[in-house]
Amino acid sequence: MKHRYLFNLFMLAAMLVLMGHQLAASNIKGTIIDEDGNRLPAALVELINVDTGRTYGTTTNIEGEFSINVEAGIYSVNISYMGYLDKLLTVDATTDTDLGMITMEVSTIGLQEVMVVSSYARDRQTPVAISNISAEAITERLGTQEFPQILQSTPSVYATRAGGGFGDGRINMRGFDSNNIGVLINGVPVNDMENGRVYWSNWAGLSDVTQTMQVQRGLGASRLAISSVGGTINIITQSTDATRGGTLLYGIGHDGYRQESIALSSGLLDNGWAVTALGGRRTGEGFVDGLAFEGWSYFLNVSKRINRNHSLALTAFGAPQWHNQRWPRQRIQTYRDHPLGIRYNPSMGVLNGERYAASYNEYHKPQISLNHYWSINPSTTLSTAAYVSISSGGGRRTLGPRSDWLMYDRNTGLPTASTKLTPDGYLDFDAVMEENAQSMTGSRAIVGRAVNEHDWYGVLSTLQNERGNYTFTGGLDLRYYRGYHYQEVTHLLGGSHYEDFNNINRDPSTRLKEEDKISYHDLGEVMWGGLFAQAEYTTNDYSAFVSATGSSTQYRRTDYFLYLDDDPMQRTDWIDFFAWSLKGGANYNISEYHNVFANIGYFTRAPFFRWAFVGFTNIINEGVRHERVFSTEVGYGLRTPVAAANVILYRTEWLDKALVRNLGQGVIANMTGLNALHQGVEIDFTLRPTRDLEIRGMFSVGDWYWQDDLIAEIYDENQVFIDSIQVYSGGLKVGNSAQTTAAIGVSYEVLPNLRVGFDANHYDRLFADFNVEDRGDIDNRGIDSWQMPSYQLMDINLRYRFTLAGLNATLIANVNNVFDTEAIRDATDGRSFDYDTAVVYYGWGRSWTTTLRIRF
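Residues numbered from 1 in each chain as written. Predicted model: local features only at pLDDT ≥ 70, side-chain atom pairs only at ≥ 80, totals over all residues. Heavy atoms only, no water.

> Sorry, what's going on with the sheet that holds strand β7 (residues 97-103) here?
Backbone hydrogen bonds hold the strands of a sheet together, and the pairing may be parallel or antiparallel. With mixed pairing, 3 strands are arranged side by side in an open sheet as β4-β1-β7. Edge positions in the sheet fall to β4 (65-70) and β7, since each has one partner strand and no second. Within the sheet, the average angular offset between the axes of one strand and its neighbour, ignoring direction, is 15°. (Pairing = 2+ DSSP bridges. Helix = DSSP H or I, 4+ residues; strand = E, 2+ residues; numbered from the N terminus. Axes fitted to C-alpha atoms, helices over the stretch in contact; angles between N-to-C directions.)

Okay, structure coming up:
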């Protein structure tokens, strides 16, 4: 089957090459420049024959020049470049035509400066595998999906809703989770400073303000020392519109979904100031039972052109939200037996006779940045961003010595003998309140909140100098982070008080009330200092780069519960880890149609915060190691007037993955030598045979597996060797992400201004998630985790543009999972590695939205 897929796709690529080499009778050429006379490389030039409708396309070279052969005729020419207004021309190409210098007008102030800081990759120039998602595509195809799901038709990407709650989505790239995917917003890294994760609920409104999203698979083009093992997601938000106006948006959808937003822009005023602001709100009940949510989003950009050499931009955005969640995963038979089927949510309960969610999240993570752009001289620029993010929020938990009254067995998803349920099968909080009211020692089970808040400050500065065909870039990346972690009482559930004995600095007999801290209370601090440098050589035919980074990561931990206030051990000394990277690549444009590229890189990464200490204590883990990554990639690109295609081969070795097993009583096992190999092939293409029709497709096959068995050494709290344990991981397939994916999408303008389309996705060779460090039983050696059934999903969309009271309006409709497919999208392996013992989340069934957008 695999060979047949590859054969068909290579035949398609061959057909596209032939189509690109059809005979043409005329040549159209020109040079694209900005208002200051600077030439614009990689501008998109689209030509449409007004008689036949045939479409041609090309991009400008490093000098901003383009030249394309077309059949003789009259052409409508559309020139586009990010941050500039589209330029529309009509050209008589009955003979060769030279359009000369074509000047583009700025549409978005400060966007080009942001793209320098964010390491935005250029097609046929930057030698990395890239996919670009426009703001228009996000608006027209996202619907009620999670923000990462807009990338699900990208090669080697697997994105799901996970539990199904608002903002609870996840994404894997080339088999790596978000800990190993660098996520940048306007060039600023947003991966958690302690564990590398990206919590998409913090950015649930980001789709409202995204200008473009670029996925760089593999090592990517970012100059920073970030966690780009699987790839980089580079998100560029809106800047300030150069023209005055605004947008109103209203949407409705399934299960009570509502969306409203308004955006306003002053345009560039005569005094050099410009302001753009957006506010929005989403609410709904969710497809899964009880997953109600409310999310707000806001965005503000204030820009000032001081003079031709200096500009400032202040940007602030955030997305405060709350949403109910689903937990834990359930066995497949449980869903089949339940009246709600795949909509079943075990977290739902009854409190005071009302529905109440045992799992709930609320969070607000605003980010504010001040950007200064300085054109030192015609060849040298300095871009500096100072930013701050101060977050608040946490997640609901059931806590206490009898929290088992309100919990399920997480390994099976089933209620235990102690779980209190209503006759309808919901968690019975009212029954727990009766138990607590009769207790002489206060509440035995309570509702609490696990808080994970932070203060994050940073400075990112980039100096760029151009010398002929060479560009030299260097800069610094400074960050300071304080993470606050604790649990607090939020509901006593009928008891008079709560008793907690975990705080050594508090009288054990203290009767605790709501908002008192319990269980744990600690502070994690991270200081980061990084330097980066890159040299790039670019001509029309060749481009190459080499870059290097060095970074110091320092950790310090303070524990307010485990150590007395006067104990020097309450706060550790700073622990320092130095990491570095070196990567390079080259691209060769064989002709205007063909290019090849390759890149190679090696980097080390400091262990995450949790591995630097023994368990959740201030004991320093002396045996933890750096992780190492070695990656190579080669690719071929095809660009014809009607088609574009890419073929990528990659190989990534993940060496010494940091894992530490906490065995209790200060005993740990540092698991060193755990290596994984991620390799595969990726193919994607876009075909535009006419102005009205676009066909997109991709196919990717990965071979991702753990390479070796390993021996974990066990040490006590004094770092004295005790014993060793064997982990049988060699040859096991990496879980939690589809190793084979394919997609086909079609968009067709059936009538003037009416465009319809569909996207179909296929997922296969998807293995359940598992903890590789738990594979210590030799009888299970070589047994892969459960392979989930393959599945296919189809989405359809419609866009209609019209005028309403003299204003430009757009009506957008989306239906996701058209055929209401019941697909298992997330799974955790069970004890028997099979269908019966795995616990899973089903994806959403059919969902729909309709949105009206009006520009004024």
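Resuming the write-up.
> For this particular structure, what's the right way to read empty space enclosed by the protein?
The gaps left among the atoms become clear once a water-sized probe is rolled over them. Overall, the coordinates contain 9 cavities of 30 Å³ or more when judged by the stated rule. By volume, the largest cavity amounts to about 440 Å³. In terms of lining, the largest cavity is formed by 30 residues, of which the most central are A225, I226, S227, W528 and R605. Sorting elements by how many residues they give to the lining of the largest cavity places strand β35 (residues 575-589) first, with 5 residues. Residues belonging to the lining of the largest cavity are distributed by class as follows: 16 nonpolar, 10 polar and 4 charged. The calculated volume of the second largest cavity comes to roughly 260 Å³. Every residue lining the second largest cavity is counted, 25 residues in all, and those nearest its centre are T144, Q145, E146, R161 and F166. Among the residues making up the lining of the second largest cavity, the classes are represented as 10 nonpolar, 10 polar and 5 charged. (1 Å grid on protein atoms, 1.4 Å probe; cavity = no way out; pocket = protein on both sides within 12 Å on 5 of 7 lines; lining within 4 Å. Points joined across faces, edges and corners; volume = space filled by probe spheres on them. Nonpolar A, V, L, I, M, F, W, Y, C, P; charged D, E, K, R; others polar.)

> I tried to follow the side chain of N646 on my own but got confused; where do I start?
Relative to the elements of secondary structure, N646 occurs in strand β38 (residues 643-655). A relative accessible area of 13% means that N646 is categorised as buried. In this structure the side chain of N646 is engaged in a polar contact, spanning 3.0 Å, whose partner is the side chain of R639. (Buried < 20%, exposed > 50% of the residue type's maximum accessible area, 1.4 Å probe, protein only. Polar contact = N/O pair within 3.5 Å; in protein donor to acceptor, adjacent residues only side chain to side chain.)

> Before we go on, may I ask you to explain the pairing of strand β3 (residues 55-59) in this structure?
Looking at chain direction, strand β2 (residues 44-49) and β3 are connected through 5 bridges and run antiparallel. Along β3, the bridge assignment pairs E46 with G57. Hairpin geometry of β2 and β3 is characterised by an intervening segment of 5 residues between the two adjacent antiparallel strands and by a positive phi of about 80° at G53.

> Quick question: what am I supposed to make of the sheet that holds strand β30 (residues 427-428) here?
Judged by pairing direction, the sheet is mixed, and its 3 strands sit side by side in the order β25-β24-β30 without closing on themselves. Because the sheet does not close on itself, it has two edges, and the strands there are β25 (354-357) and β30. Sheet topology note: the strand β24 (residues 348-351)/β25 ladder contains 4 bridges and is antiparallel. Counted as the bridge partner of L351 is E354 from β25.

> Help me understand the packing of aromatic side chains, please; the structure alone is not making it clear to me.
Two descriptors summarise a pair of aromatic rings, namely the distance from one centre to the other and the angle between the planes of the rings. Overall, the coordinates contain 24 aromatic pairs when judged by the stated rule. Aromatic pair Y335 and Y344: ring centres 6.5 Å apart, planes at 75°, arrangement edge-to-face. Both residues of the pair, Y335 and Y344, count as buried. Plain terms: the ring middles of W456 and Y481 are 5.9 Å apart, the flat faces sit at 80° to each other, and that makes the pair edge-to-face. Here W456 is found in strand β31 (residues 446-467), whereas its partner Y481 is found in strand β32 (residues 470-491), with 25 residues between them in sequence. (Phe/Tyr/Trp six-rings, centres within 6.5 Å; stacked < 30°, edge-to-face > 60°.)

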